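Remarks on the overall topology
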Amino acid sequence: MEWLLVSLASLLAGFIDAIVGGGGLILVPAIFAAFPHAPPATLLGTGKSASVWGTTMSAWKYSRRVDIPWASLTPAIAVSFAGSFAGAWAVTVISSDFLRKLLPLVLVAVLIYTLIKKDMGRHHAPRYAGRAQTLAACAIGLVIGFYDGFFGPGTGSFFVFLFVRLLGYDFLNASVSAKLLNIATNVAAIVLFGMKGHVWWHFAVPLALANVLGSLLGTHMALRHGTGFVRGIFIVVVSALILKTGYDAFLR
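Residues numbered from 1 in each chain as written. Predicted model: local features only at pLDDT ≥ 70, side-chain atom pairs only at ≥ 80, totals over all residues. Heavy atoms only, no water.

**What about the overall build of the protein?**
From N to C terminus, the protein includes 9 helices and 0 strands. Listing each helix as α and each strand as β along the protein from the N terminus yields α-α-α-α-α-α-α-α-α. Against the globule reference of 18 Å for 252 residues, the protein gives a C-alpha radius of gyration of 17 Å, in line with a compact fold. The dimensions of the protein, computed from C-alpha atoms along their principal axes, are 50 × 40 × 35 Å. With 252 residues in all, the protein has 53% of them scored as buried. When contacts within the protein are restricted to residue pairs at least 6 apart in sequence, long-range pairs at least 24 apart make up 84% of them. Surface summary for the protein: the accessible area is close to 11700 Å², and the carbon and sulfur share equals 71%. Side chains of the protein give 18 positive and 8 negative charges; the mean places of these two sets differ by 5 Å. (Helix = DSSP H or I, 4+ residues; strand = E, 2+ residues; numbered from the N terminus. Rg over C-alpha atoms; globule rule 2.2 N^0.38 Å. Buried < 20%, exposed > 50% of the residue type's maximum accessible area, 1.4 Å probe, protein only. Contact = heavy atoms within 4.5 Å. Areas by Shrake-Rupley, 256 points an atom, 1.4 Å probe, with all protein chains shown as cover. Lys, Arg positive; Asp, Glu negative; His and termini not counted. Charge placed at Lys NZ, Arg CZ, Asp CG, Glu CD.)

Okay, here's the thing in structure tokens:
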């Protein structure tokens, strides 16, 4: 029964993650609730080992319909990987507890800004080109990649927001770029967890299949309904993240 429930959660997580990121908001609590006595690192490693396949499939589907600036994103993908690995190492020597109370406040600021700027992310008008775009994408990859390895919640949403706000992407193109960088940050974490034996590979397989199915459905919806739909889901996901992280930080 636990496998079935968590697989369903993985399917829904893949659907949400394919549109705008934030699938961990669904999958992580579900897997922790199903296996309350398992080591947290093992549950996180298993969850990431499943979700990375849905994210990869979604990115591949998007790449067939959306023009991806590979020249800028390829170096950013490498930087994101390095940043996430460094963050995962840093959390072994530095406590991340201070971020627990700061995160809901940052997410509130992101939500308010998105609601006020009603036209933000509706039109794809990149602010930079060439080397400038590469440097900006690498900066985003380094900062959010480190955050993902160090703490994690809301990584996909932060990637999307920064690509929209700083690079001038619309929400659809930002979501595609965010997925490519998020794959790198997840792989870095999986490598670290796998080296330390914190992945249930036999359990990751059914979760991955469910996540891929959800991801295909989510990608189809995003491509069919466009930027406005993605923006709406982004607002819903960030709102849910605020409630979840706020509860964890101040009420639990």
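**Observations concerning the nonpolar core**
Proteins that are soluble and globular tend to have nonpolar side chains buried together. Core analysis: the biggest nonpolar cluster contains 52 residues, and Val20, Val160, Phe163 and Phe234 have the highest contact counts within it. Every element with two or more residues in this core is listed here: helix H1 (2–20), helix H3 (40–63), helix H4 (70–90), helix H5 (97–116), helix H6 (130–150), helix H7 (155–167), helix H8 (171–195) and helix H9 (201–250). Ranked by residues supplied to this core, first place goes to H9 with 10 residues. Look past the residues within four positions of valine 160 in its chain and what remains in contact with it is Val20, Phe171, Ala174, Ser175, Ala178 and Phe234. Counting residues in hydrophobic clusters, the runner-up holds 12 residues, among them Ala13, Ala38, Leu43 and Leu207. (Core = buried A, V, L, I, M, F, W, Y, C linked by side-chain atoms within 4.5 Å.)

**Remarks on the UniProt feature "transmembrane region" (unreviewed entry) in the protein**
Those places that UniProt annotates as "transmembrane region" (unreviewed entry) correspond, in this numbering, to residues 68–92, 98–116, 128–147, 176–193, 199–217 and 229–247. The annotated region residues 199–217 carries 89% helix and 0% strand content, and the separation between its end C-alpha atoms amounts to 26 Å. (UniProt positions renumbered as here; feature names shortened; annotations may be inferred.)

**Some remarks on the layout of surface pockets**
Its boundaries defined by the atoms lining it, the largest pocket holds a volume of some 1400 Å³. In terms of lining, the largest pocket is formed by 47 residues, of which the most central are Val28, Leu44, Phe151, Gly152 and Pro153. Mapped by element, the contributors of at least two residues to the lining of the largest pocket are H1, helix H2 (24–34), H3, H5, H6, H7, H8 and H9. Considering every element that reaches the lining of the largest pocket, the biggest residue donor is H3, with 8 residues. Residues belonging to the lining of the largest pocket are distributed by class as follows: 20 nonpolar, 18 polar and 9 charged. (1 Å grid on protein atoms, 1.4 Å probe; cavity = no way out; pocket = protein on both sides within 12 Å on 5 of 7 lines; lining within 4 Å. Points joined across faces, edges and corners; volume = space filled by probe spheres on them. Nonpolar A, V, L, I, M, F, W, Y, C, P; charged D, E, K, R; others polar.)

**Focus on the side chain of serine 10**
Position of serine 10 among the secondary structure elements: in helix H1. The buried category is assigned to serine 10, whose relative accessible area is 0%. The residues contacting serine 10, other than those within four sequence positions of it, are Leu27, Leu207, Ala210 and Asn211.

**Topic: a nonpolar patch on the surface**
A cluster of nonpolar side chains, Phe81, Phe85, Val187, Val191 and Met195, forms an exposed patch at the surface whose accessible area comes to about 400 Å². The biggest single contributor to the nonpolar patch is H8, with 3 residues. Along the chain, methionine 195 falls in helix H8. Using a relative accessible area of 63% as the deciding quantity, one classes methionine 195 as exposed. (Patch = residues over 30% accessible without salt bridge, like charges linked within 9 Å, V, L, I, M, F, W, Y side chains within 5 Å. Salt bridge = Lys/Arg side-chain N within 4 Å of Asp/Glu carboxyl O.)

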